[in-house]
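Commentary on secondary and tertiary structure
Chain by chain, the residues run as shown.
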Amino acid sequence: MFHKLPADLRPTEDSPGLRVKTGTRYSRSQGDYVCGGCGAEDHANGDTDVKNLVEDYSANHGAAHRAEARR
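Note that the structure is a prediction, hence the values are computed from the model and not measured. (Residues numbered from 1 in each chain as written. Predicted model: local features only at pLDDT ≥ 70, side-chain atom pairs only at ≥ 80, totals over all residues. Heavy atoms only, no water.)

Overview of the state of the cysteines
By definition, a disulfide is the covalent link that joins the sulfur atoms of two cysteine residues. Applying the stated criterion across every chain yields a total of zero disulfides. Among the cysteines around C35, which has no disulfide bond, C38 carries the closest sulfur, lying 3.8 Å off. A relative accessible area of 45% means that C38 is categorised as partly exposed. (Disulfide = S-S within 2.5 Å. Buried < 20%, exposed > 50% of the residue type's maximum accessible area, 1.4 Å probe, protein only.)

Notes on the pattern of salt bridges
Per the stated rule, a full pass over the model turns up three salt bridges. The partner of R10 in a salt bridge is D32, and the shortest N-O contact between them spans 3.3 Å. With R10 in the segment before β1 (17-21) and D32 in strand β2 (residues 30-34), the pair connects residues that are 22 residues apart, well separated along the chain. A relative accessible area of 10% means that D32 is categorised as buried. Close ionic contact of D32 with R19 constitutes a salt bridge, the shortest N to O distance being 2.2 Å. Here the residue D32 occupies a position in strand β2, and R19 occupies one in strand β1, the gap between them amounting to 13 residues. Sharing partners across several salt bridges, the network here consists of R10, R19 and D32. (Salt bridge = Lys/Arg side-chain N within 4 Å of Asp/Glu carboxyl O. Helix = DSSP H or I, 4+ residues; strand = E, 2+ residues; numbered from the N terminus.)

Considerations on the sheet that holds strand β3 (residues 41-45)
The strand order across the open sheet built from three strands is β1-β2-β3, with neighbouring strands paired in antiparallel fashion. For this open sheet the edge positions go to β1 and β3, each flanked by a neighbour on one side alone. Sheet twist, expressed as the mean angle between neighbouring strand axes with direction ignored, is 5 degrees. Sheet topology places β1 next to β2; five bridges connect them, and they run antiparallel. Note that in β2 the partner of V20 across the bridge is G31. Strands in contact with helix α1 (residues 47-60) are β1, β2 and β3; relative to β2, the strand with the most contacts, it is inclined by about 20 degrees. (Pairing = 2+ DSSP bridges. Axes fitted to C-alpha atoms, helices over the stretch in contact; angles between N-to-C directions. Contact = heavy atoms within 4.5 Å.)

As structure tokens, then:
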């Protein structure tokens, strides 16, 4: 009954980015990122940890690196 996400949806060095999966009543929310600018990566489980992961990615990785490149 449970479906595992295809591996191609998870961020990798070749395909960096942020992935967030909402929780259900049977599972906790999950999040992963790989930064294309500095190569940092992280994983989180649970609503609070995933929220913090998204805030970290938004503030310090991803678009933050693209903005630095434009300066």
